[in-house]
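# Remarks on the overall topology
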Amino acid sequence: MNIFFRGVLLLAAAALVGESLEFIVNMVLARELGELGLGHYMSIFPTVILIIIIASLELPISISKFVAEKEEKQHYSMLKHATKMTILLTVAMIVLALVILPFIPVFNSYHPLVRWLMVLLIPLISLTSIARGFFMGKQQMGKLAFSNLFRKMAQLILLTGIYQLFSFDNETAILIALATFVGSELVVFVYLFTAYLIQYKRMQSHNNEHLSSNEVTRSLMAVTIPTTGLRLFHAVTNAIQPFLIKYSLSLAGFSGVAATEEFGLLAGVAISIGFFPAFIAHSLLVVLIPTVSEATAKKDVEKLKSLLIRVMGITALYGFPAVTIFLMFSEKLTLMFFHSQSAATYLELLWPSFLFTFFLIPLQAYLIGLGLITTAFVQSVWSTTLSFVLMYMLGSQPSLGMHGIIIGMNAGSVLLMLLHYFSVCKAIGINTWLSARNNYQD
């Protein structure tokens, strides 16, 4: 348990600095791109995340679960087969991207080079995922913390440096913003993969147990396929969401430019501020997956129960004060960081989405560690369907507009958190008030 909390504290401390840098990055983007440019950038970014998820194949989760659950003598053979498999899949994905990307219409409104930035991103993400999964499983959170910090620092330095030295039209400025993001991923790749290769070579001299390629592939794919499906679903829906929001607003009477600007304020200002404390939730997620996986493999029910109680306590400890601050100082926060007063109302109205997502993220890690990935996927489908239906129905009403969009977003977050929470409680034999029962589901 001490290793768990040390890992969380280390990741959270680095993430705090990283999120602060991310905040500054968003401020630079808001200043340099303007409301319309920021809206275009925020509209394409979910598609970038979708490509990252496909490229990663959720190997960080599958490899970390393998490392946490299996004996150390099996790690070298697993990593050897995983690396070969990843290289083959990466080559296939690059070829596929070269064929498909020119025909994806979402890129038509952006600089032609944006497509090729996405191709470059694929091998960086794929190979880094192996290293990330290994360090997660070994509970070497320091390397993950520093890599996240390096990414934000690199992006901020590149972004501010280039924008200060040169002047760009809006289309090129968005291209530069995306290029600095890819550059920051290159920095992470160099750091993490180098550290991974050093430990990989040291493992060669150990007394390792040989595993067959089919055995490793089956083990990894049993986690990778459903987890990738879950992440892909979230990524696809997040990529669709900007266009659904802007379409619904157009039905409510907004012009195309006005709808894009409103979405820019929502995603680039209100959501950037509101999800700032989520770095703690993501730190919990990274440490929880291998920890819960190991406890599940050992059938350590008491650890699973006590860990859930502590995680919920930690989340409440920062989540409730955070949303209280958003409600009390929304106007000051949006003016201070983004010089935007109109986004203050959005920040206030989104508090349920922020609060319930803080709880949702570690609960999803619990479901993955417990092997209930299919449950997480089905529940995500239900909550997203409800959210999208409400966003369309309410957001297209002239009397509601953006307020209707926010109601839909809040409803989806609340429903998904509650579904995940009840599922975790049932699986480990603890009631909804976090009191133990004796019906742990193996």
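Just so we're clear, the structure is a prediction, and the values are computed from it rather than from any experiment.

## What to know about the overall build of the chain
Counting its secondary structure elements, the chain contains 14 helices and zero strands. Radius of gyration (C-alpha) of the chain: 22 Å, near the 22 Å computed for a compact globule of 442 residues. Along the longest, intermediate and shortest principal axes, the C-alpha atoms of the chain span 65 × 50 × 35 Å. A burial count over the chain gives 55% of its 442 residues as buried. Surface accessibility of the chain: about 18900 Å² in total, with carbon and sulfur atoms responsible for 67%.

## Focus on the pattern of salt bridges
All chains considered together, the criterion is met by nine salt bridges. Two residues, E22 and K152, come together in a salt bridge whose shortest N-O distance is 3.0 Å. Taken together, the residues E22 in helix α1 (residues 2-56) and K152 in helix α5 (residues 141-165) connect sequence positions 130 residues apart. Judged by its relative accessible area of 16%, K152 falls in the buried class. With a closest N to O distance of 3.6 Å, K138 and E72 form a salt bridge. Here K138, found in the loop between α4 (113-137) and α5, pairs with E72, found in the loop between α2 (59-69) and α3 (75-100); they are 66 residues apart in sequence, far enough to count as distant. If you follow the salt bridges from partner to partner, you end up with E71, K73 and E209 in one network.

## Some thoughts on the confidence of the model for the chain
Residues at a pLDDT of 70 or more form 97% of the chain, whose mean pLDDT is 86. α1 is the least confidently modelled element of the chain, averaging 81 in pLDDT, while helix α12 (residues 351-369) averages 94, the highest of any element.

## Observations regarding a nonpolar patch on the surface
A surface patch of nonpolar side chains, amounting to about 810 Å² of accessible area, comprises I87, V91, V95, L96, L98, V99, I100, L113 and W116. Taken together, the elements giving at least two residues each to the nonpolar patch come down to α3 and α4. Element by element, the count of residues in the nonpolar patch is highest for α3, at seven residues. Along the polypeptide, W116 turns up in helix α4.

## Some remarks on the packing of α2 against helix α7 (residues 213-251)
Viewed as axis vectors pointing N to C, α2 and α7 meet at an angle of 145 degrees, and their least axial separation amounts to 8 Å. Two packed elements cross with a definite hand, and for α2 against α7 that hand is right-handed. Here α2 contributes L59, I61, S62, I63, K65 and F66 to the contact with α7, which in turn contributes S219, L220, V223, T224 and T227.

## Remarks on the packing of aromatic side chains
Enumeration according to the criterion identifies 20 aromatic pairs in this entry. Ring centres 6.3 Å apart and planes at 65 degrees place the aromatic pair Y163 and F168 in the edge-to-face group. Accessibility expressed as a relative area gives 30% for F168, which makes it partly exposed. A network of ring pairs unites the aromatic residues Y76, F134, F135, F189, F193, Y196 and Y200 as a single cluster.

## Considering the environment of V216
Counting through the fold element by element, V216 comes out in helix α7. Using a relative accessible area of 1% as the deciding quantity, one classes V216 as buried. Separated by 134 residues in the primary sequence, V216 and A82 place their C-alpha atoms 7.4 Å from one another. When sequence neighbours within four positions are dropped, the list of residues in contact with V216 reads M78, H81 and L211.

What counts and how
Residues numbered from 1 in each chain as written. Predicted model: local features only at pLDDT ≥ 70, side-chain atom pairs only at ≥ 80, totals over all residues. Heavy atoms only, no water. Helix = DSSP H or I, 4+ residues; strand = E, 2+ residues; numbered from the N terminus. Rg over C-alpha atoms; globule rule 2.2 N^0.38 Å. Buried < 20%, exposed > 50% of the residue type's maximum accessible area, 1.4 Å probe, protein only. Areas by Shrake-Rupley, 256 points an atom, 1.4 Å probe, with all protein chains shown as cover. Salt bridge = Lys/Arg side-chain N within 4 Å of Asp/Glu carboxyl O. pLDDT = per-residue confidence, 0-100. Patch = residues over 30% accessible without salt bridge, like charges linked within 9 Å, V, L, I, M, F, W, Y side chains within 5 Å. Axes fitted to C-alpha atoms, helices over the stretch in contact; angles between N-to-C directions. Left-handed = near helix turned anticlockwise from the far one by under 90°. Contact = heavy atoms within 4.5 Å. Phe/Tyr/Trp six-rings, centres within 6.5 Å; stacked < 30°, edge-to-face > 60°.

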